Amino acid sequence: MPAVYVKEIGKFNGQEVTVRGWLYNKRSSGKIRFLLVRDGTGLIQCVLDRSSISPEVFDSYEKLSQESSLMVTGKVREDKRAPGGYELNLSDVEVVQVAIDYPISPKEHGVEFLMDRRHLWLRSSRQQTILKLRNEIIKAIRDYFYENDFILIDTPILTGSIGETAATLFSTEYFNLGKAYLAQTGQLYVEAACVAFGKVYCFGPTFRAEKSKTRRHLTEFWMVEGEMAYYDHNDNMDVQEELVVYVVERILEKKRAELESLGRDLSPLENVKKPFARILYDEAIKILQKKGSKIQWGDDLGGEDETVLANEFDRPVFISCYPKEVKAFYMKPNPDDPRTSLCNDLLAPEGYGEIIGASQRNDDYDSLLARIKEEKLPVDAYEWYLDLRKYGSVPHSGFGLGLERTVAWICGVKHIRESIPFPRTIYRLYP
Ligand code: NSS
């Protein structure tokens, strides 16, 4: 008997097939018993009819409990009323393992209860949909870079130089070489690579010992970072805009039904078209003050400020040229206002906050060295990075897009923890 996946069951209409999966739910109605079986690709309703099968097979219904593993064999029959449009009229049921007292029942559970059982919660249909969307978003991101001739550069996770800020470092002893830090960013390495290849990107896990307890922060998250030689601050925003539009368009084209099943309102996503508004930090502060915020020039924007600002626009918005004090050491000073840097954030609509952090890089040896010293970073760990300003230095720019925040925004998931299979926060290292 061919073993098939539920996703492609329609190709086997009228034939006898085997589906291998797990019991999602069951119910009985008169002489008929229904098993709802999931196999990771979909759900199929399976019918046990007493009049056409052996009593042993019929009675397997009784011992099968939620999440028991089983192989079911039967004839595929088109049925418009069935979820997915097909049913299986079973001739055989092979029980692989009976799951006793599966802890996640269809009733409501608290999030902490579910997160403690994340290894099981992944089987729920909503969680599967979110993670399949994550899969599609990753594919779209990679396709964008590939189609636009960016070279993928895998950057190290164990690093000797601090990528962003000493405040949120995870470190470990590294043999007799002192401390190694878990990468906060691959940026410094893609900066080296963009001089070799022109346009490059990296995509991997990054780590920050964030004390923040917000719904937007993880301690381990995935970031995709583009870096382009001979691109300035404005060229940089053009690439970010194109990437975000490309990803949202792809998801709307391929995953509408999945988004709708999550209850996602599609209209804000339909708005994600070029051009995105580009406003200066100065203007952002004025807008916030007008809205009653106590924020002062020089302050970083908080999560709430980002939401208020984003609500002024119907699509993502760029905020650029922040005061240099609230941003990292590697950014190019803004020639029009040296108190600020040539950087930008991209804020997602609907309160999802910053999804991209970006900047033109400081390509001048002396002022970069001065900034490294000012930040009290160990100069010797940056010698290789400073070399890039000695040998063929050029204007260059790049950005980092946080994958989980992007997934949460596109899926309309309020808390970032559901957008990664096994979230890590200050409170969670389990499972
Ligand atoms: O700190 S960033 O703003 N920028 C960088 O790391 C640069 N080195 C990127 C670059 O220019 N190559 O982080 C970038 C994005 C940010 O906009 C968020 O979307 C995401 O990374 N991010 C996070 N997501 C989840 N949790 C935490 N803690 C987090 N921190 C940043």
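See above for the structure.
Parameters at a glance
Residues numbered from 1 in each chain as written. Predicted model: local features only at pLDDT ≥ 70, side-chain atom pairs only at ≥ 80, totals over all residues. Heavy atoms only, no water. Helix = DSSP H or I, 4+ residues; strand = E, 2+ residues; numbered from the N terminus. Buried < 20%, exposed > 50% of the residue type's maximum accessible area, 1.4 Å probe, protein only. Contact = heavy atoms within 4.5 Å. Areas by Shrake-Rupley, 256 points an atom, 1.4 Å probe, with all protein chains shown as cover. Lys, Arg positive; Asp, Glu negative; His and termini not counted. Charge placed at Lys NZ, Arg CZ, Asp CG, Glu CD. Pairing = 2+ DSSP bridges. Salt bridge = Lys/Arg side-chain N within 4 Å of Asp/Glu carboxyl O. Near = heavy atom within 4 Å. Polar contact = N/O pair within 3.5 Å; in protein donor to acceptor, adjacent residues only side chain to side chain. Phe/Tyr/Trp six-rings, centres within 6.5 Å; stacked < 30°, edge-to-face > 60°. Core = buried A, V, L, I, M, F, W, Y, C linked by side-chain atoms within 4.5 Å. Axes fitted to C-alpha atoms, helices over the stretch in contact; angles between N-to-C directions.

Caption draft 1: Up close: the overall build of the chain. Looking only at helices and strands, the chain has 13 helices and 16 strands in total. Across its three principal directions, the C-alpha atoms of the chain cover 85 × 55 × 40 Å. Looking at the chain residue by residue over its 431 residues, the buried ones come to 51%. When contacts within the chain are restricted to residue pairs at least 6 apart in sequence, those whose partners lie at least 24 apart make up 66%. Per element, the accessible surface of the chain, about 20500 Å² overall, is 52% carbon and sulfur. Counting 58 positive and 65 negative side-chain charges, the chain places the averaged centre of each group 5 Å from the other.

Caption draft 2: Fine view of the sheet that holds strand S7 (residues 158-159). Strand order in the open sheet formed by 3 strands is S7-S9-S8, with antiparallel pairing between adjacent strands. Looking along the sheet, the strands with just one partner apiece sit at the ends: S7 and strand S8 (171-173).

Caption draft 3: Quick peek at the pattern of salt bridges. Applying the stated criterion to the full structure yields 34 salt bridges. For aspartate 79, the salt bridge goes to arginine 81, with nearest N and O atoms at 3.0 Å. One salt-bridge network, held together by shared partners, links Arg77, Asp79, Arg81 and Glu87.

Caption draft 4: Inspection of the site of the ligand at higher detail. In the vicinity of the ligand lie 23 residues, with Glu164, Gln187, Arg208, Glu225 and Glu354 positioned nearest. In the model, a nitrogen atom of the ligand is placed 3.0 Å from a nitrogen or oxygen of the threonine 185 side chain. With respect to the ligand, the backbone of phenylalanine 399 contributes an N or O atom lying 3.4 Å from a nitrogen atom. Summarising the interface, the protein chains cover 94% of the accessible area of the ligand, which totals 620 Å² for the free molecule. Broken down by secondary-structure element, the contributors of at least two residues to the shell around the ligand are strand S11 (220-229), strand S15 (353-360) and strand S16 (396-402).

Caption draft 5: Representation of the packing of aromatic side chains in the model. Following the criterion strictly, the structure yields 16 aromatic pairs and no others. Ring geometry for phenylalanine 145 versus phenylalanine 150: centroids 4.8 Å apart, planes at 75°, classification edge-to-face. With a relative accessible area of 0%, phenylalanine 145 lands in the buried category. Using a relative accessible area of 6% as the deciding quantity, one classes phenylalanine 150 as buried. Aromatic pair tyrosine 281 and tryptophan 297: ring centres 5.6 Å apart, planes at 85°, arrangement edge-to-face. With tyrosine 281 in helix H9 (residues 281-290) and tryptophan 297 in the loop between H9 and helix H10 (303-310), this pair connects stretches of sequence that are 16 residues apart. Of the residues examined, tyrosine 281 reaches a relative accessible area of 0% and is grouped as buried. Cluster of aromatic residues (ring-pair linked, three or more members): Tyr144, Phe145, Phe150, Tyr201, Tyr246 and Phe399.

Caption draft 6: Representation of the nonpolar core in the model. Ranked by size, the top nonpolar core spans 44 residues in total, and within it Ile141, Phe145, Val244, Trp409 and Ile410 carry the most contacts. Contributions of two or more residues to this core are made by helix H4 (125-147), strand S10 (199-207), S11, helix H6 (233-254), strand S14 (343-348), S15, S16 and helix H13 (403-411). In terms of residue count, H6 provides more of this core than any other element does, 10 residues in total. Aside from chain neighbours lying at most four places away, what touches tryptophan 409 is Val244, Val248, Arg264, Leu269, Val272, Pro316, Ala348, Pro349, Glu350, Tyr352 and Ile355. With 30 residues, the next largest nonpolar core counts Tyr281, Ile285, Leu377 and Leu386 among its residues.

Caption draft 7: Spatial organisation of the side chain of glutamate 87. Its place among the elements puts glutamate 87 in strand S5 (residues 86-97). Residue contacts for glutamate 87: discarding those within four places in its chain leaves Phe34, Ile44, Gln45, Val47, Lys75, Val76, Arg77, Asp79 and Ala82.

Caption draft 8: Region of the structure containing the pairing of strand S9 (residues 179-182). Here S7 pairs with S9 via 2 bridges, running antiparallel. Counterpart to threonine 159 in the pairing with S9 is tyrosine 181. Between S8 and the antiparallel strand that follows it, S9, lie 5 residues; phenylalanine 175 among them carries a positive phi value of about 45°.

Caption draft 9: View of the sheet that holds S16. Read across the sheet, 8 strands follow the order S6-S10-S11-S16-S15-S14-S13-S12 without closing on themselves; strand pairing throughout is mixed. Each edge of the sheet is formed by a strand with only one pairing partner; in this case those strands are strand S6 (151-152) and strand S12 (277-280). One ladder, built from 4 bridges, connects strand S13 (residues 317-320) with S14; its direction is antiparallel. Residue pairing in the sheet places phenylalanine 318 in a bridge with leucine 346 of S14. With respect to the sheet, H4 is in contact with S6, S10, S11 and S16, its orientation differing from that of S10 by roughly 150°.

These values are about where atoms sit, not about what they do.
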